[in-house]
Amino acid sequence: DVYEMVECNRAVAMFARVPFSEYPVAFRSDIANLAVFRELRLLGNVIHCMVILIIGHDGAFKSNDHMNHFSVSQLLVTGSTLAHLLFTVYRMNKSHFLAPQNYRNWQDSIKSMFCSVTMHKYHKVNDYYWFLDSTKRLEQFFGILRSMVRGDLNFSVLGLKNRMGDAATIAQIYAEHPEWYTLSRKLSNSFDRKNVRSWKGDTDVRHVDEALCWKNGCIAATDILRASGLFSPAELNYNGFEVNIDMLRPRGETIGVQAGDNVDASDDDVPE
């Protein structure tokens, strides 16, 4: 359930905002817990960025206040912040911190957002809606597949093959005429679905500087990581790494898999 998942993550994200003075006296009385507090604060910042990229704003999940909807620039800065946080923590803790495939999925999603904004500019498409980047279209396509034959919601691989051609045509028609695609009443009221009419964040890519967003996210992540006291200056010098080190290769080799990759077992793929 998306709602329950986000509410759980928002609770964990509160660690980023609760000062040490508000922890129970018993916790504060042990000086060793100061290091625990810093780790919890770092975890809270990571989860906080994740929540923003899932729901698109910094308010309550059910919030009807459109003023807190993030602009494209704000979302890209948040994505860059999360990318740098994940990269740095994964380099230190590997899969003890995050499963390799989850790490890869987050980094790929963030990269896709930046690429999409750049492609929107190139093709002179002024508005970028982050929630239409991939999952909504895939979900819509799967819904078409399941509803093509009444009463036959489940099908074999052969059935999938037989339906995909017509489903792709239907999806293209809906893409050209979104007003023809009417969601069920239950789905249209679900909190985990966005639409272009209700979204009030600035979607104009002409206001976006991708390089500046990446830089500002890097600065924000560096401040968070430095405050944790867990990393040396060298570990936070992102310009000082070898050429084979990047967001998808935090330890020199690509982790996780994507369609088309050769899947090879490695030490990073299995928690120690």
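Residues numbered from 1 in each chain as written. Predicted model: local features only at pLDDT ≥ 70, side-chain atom pairs only at ≥ 80, totals over all residues. Heavy atoms only, no water.

> Which residues make up the overall build of the protein, and what are the values?
Of regular secondary structure, the protein possesses nine helices and zero strands. Taking contacts inside the protein between residues at least 6 apart in sequence as the whole, the part at least 24 apart equals 70%. Within the structure as shown, the protein displays about 16,500 Å² of accessible surface, and the carbon and sulfur contribution to it stands at 55%. (Helix = DSSP H or I, 4+ residues; strand = E, 2+ residues; numbered from the N terminus. Contact = heavy atoms within 4.5 Å. Areas by Shrake-Rupley, 256 points an atom, 1.4 Å probe, with all protein chains shown as cover.)

> I'd like a rundown of helix H4 (residues 72-93), residues and numbers included.
With 22 residues, H4 ought to run about 32 Å at 1.5 Å a step, and its terminal C-alpha atoms sit 31 Å apart, in line with that. Lys-94 lies just past H4 and shows a positive phi near 50 degrees. (Expected span 1.5 Å × (residues − 1).)

> Kindly report on unusual backbone geometry, identifying the contributing residues and their values.
As a rule of thumb, non-glycine residues mostly have phi less than zero, and peptide bonds are mostly trans rather than cis. Phi angles above zero are rare outside glycine, and Lys-94 is one such case at about 50 degrees. Within the secondary structure layout, Lys-94 lies in the loop between H4 and helix H5 (100-122). A positive phi angle, close to 60 degrees, is found at Lys-124, a residue other than glycine. Along the polypeptide, Lys-124 turns up in the loop between H5 and helix H6 (135-147). Residue Lys-124 is classed as exposed on the basis of its relative accessible area, which comes to 70%. (Buried < 20%, exposed > 50% of the residue type's maximum accessible area, 1.4 Å probe, protein only.)

> A description of the nonpolar core should follow, citing residues and the corresponding values.
Grouped together as the largest cluster of nonpolar side chains are 46 residues, with contacts concentrated most on Leu-76, Leu-82, Leu-85 and Leu-225. Those elements that place two or more of their residues in this core are helix H1 (2-13), helix H3 (33-55), H4, H5 and helix H9 (210-228). The element best represented in this core is H4, accounting for 10 residues. Excluding residues within four positions of it along the chain, Leu-225 makes contact with Leu-42, His-84, Leu-85, Thr-88, Val-89, Leu-230, Phe-231, Leu-236 and Tyr-238. Core analysis: the second largest hydrophobic core is formed by five residues, Phe-141, Leu-145, Ala-167 and Ala-171 among them. (Core = buried A, V, L, I, M, F, W, Y, C linked by side-chain atoms within 4.5 Å.)

> How would you sum up the pattern of salt bridges? Please name residues and give values.
Note that side chains of opposite charge can pair when their charged atoms are close. Under the defined criterion, the tally for this structure stands at six salt bridges. Among the ionic pairs, Arg-206 bridges to Asp-204, the shortest N-O distance being 2.8 Å. You can call Arg-206 exposed: its relative accessible area is 58%. (Salt bridge = Lys/Arg side-chain N within 4 Å of Asp/Glu carboxyl O.)

> Give a description of the packing of aromatic side chains that names residues and reports values.
What the rule picks out here adds up to 14 aromatic pairs. An angle of 25 degrees between the planes, with centres 4.9 Å apart, marks the rings of Tyr-23 and Phe-27 as stacked. Summarising the burial analysis for this pair, Tyr-23 and Phe-27 share the class buried. Between the aromatic rings of Phe-131 and Trp-199, the centroid separation amounts to 5.9 Å while the plane-to-plane angle is 70 degrees, which identifies the pairing as edge-to-face. Taken as a pair, Phe-131 in the loop between H5 and H6 and Trp-199 in the loop between helix H8 (185-188) and H9 lie far apart in primary sequence, 68 residues in all. The exposure classification of Phe-131 matches that of Trp-199, with both residues buried. Each residue in the set Phe-20, Tyr-23, Phe-27 and Phe-37 is aromatic and connected to the rest through ring pairs, giving one cluster. (Phe/Tyr/Trp six-rings, centres within 6.5 Å; stacked < 30°, edge-to-face > 60°.)

> Requested: an account of the side chain of Ser-228, with residues and values cited.
If you trace the backbone, Ser-228 turns up in helix H9. A polar atom in the side chain of Ser-228 sits 2.5 Å from the backbone oxygen of Leu-225. In this structure, Ser-228 is in contact with Arg-38 and Leu-42, ignoring residues within four places of it in sequence. (Polar contact = N/O pair within 3.5 Å; in protein donor to acceptor, adjacent residues only side chain to side chain.)

> With reference to specific residues and values, describe the packing of H3 against H9.
Interhelical geometry of H3 versus H9 gives an angle of 160 degrees and a closest axis separation of 9 Å. Between H3 and H9, the crossing angle belongs to the class labelled roughly antiparallel. Once H3 is placed against H9, the crossing between them reads as left-handed. Across the interface between the two elements, Arg-38, Leu-42 and Asn-45 of H3 pack against Ile-224, Leu-225, Ala-227 and Ser-228 of H9. Per-class residue counts for the contact of H3 with H9 are four nonpolar, two polar and one charged. (Axes fitted to C-alpha atoms, helices over the stretch in contact; angles between N-to-C directions. Parallel < 35°, antiparallel > 145°, perpendicular 65-115°, else oblique. Left-handed = near helix turned anticlockwise from the far one by under 90°. Nonpolar A, V, L, I, M, F, W, Y, C, P; charged D, E, K, R; others polar.)

> With reference to specific residues and values, describe the layout of surface pockets.
Here the second largest pocket defines a volume of roughly 370 Å³. For the second largest pocket, the lining is made up of 18 residues, of which His-84, Trp-214, Tyr-238, Asp-246 and Met-247 are closest to its centre. If you list the elements that add at least two residues to the lining of the second largest pocket, you get H4, H5 and H9. Within the lining of the second largest pocket, the residues separate by chemical class into 11 nonpolar, five polar and two charged. (1 Å grid on protein atoms, 1.4 Å probe; cavity = no way out; pocket = protein on both sides within 12 Å on 5 of 7 lines; lining within 4 Å. Points joined across faces, edges and corners; volume = space filled by probe spheres on them.)

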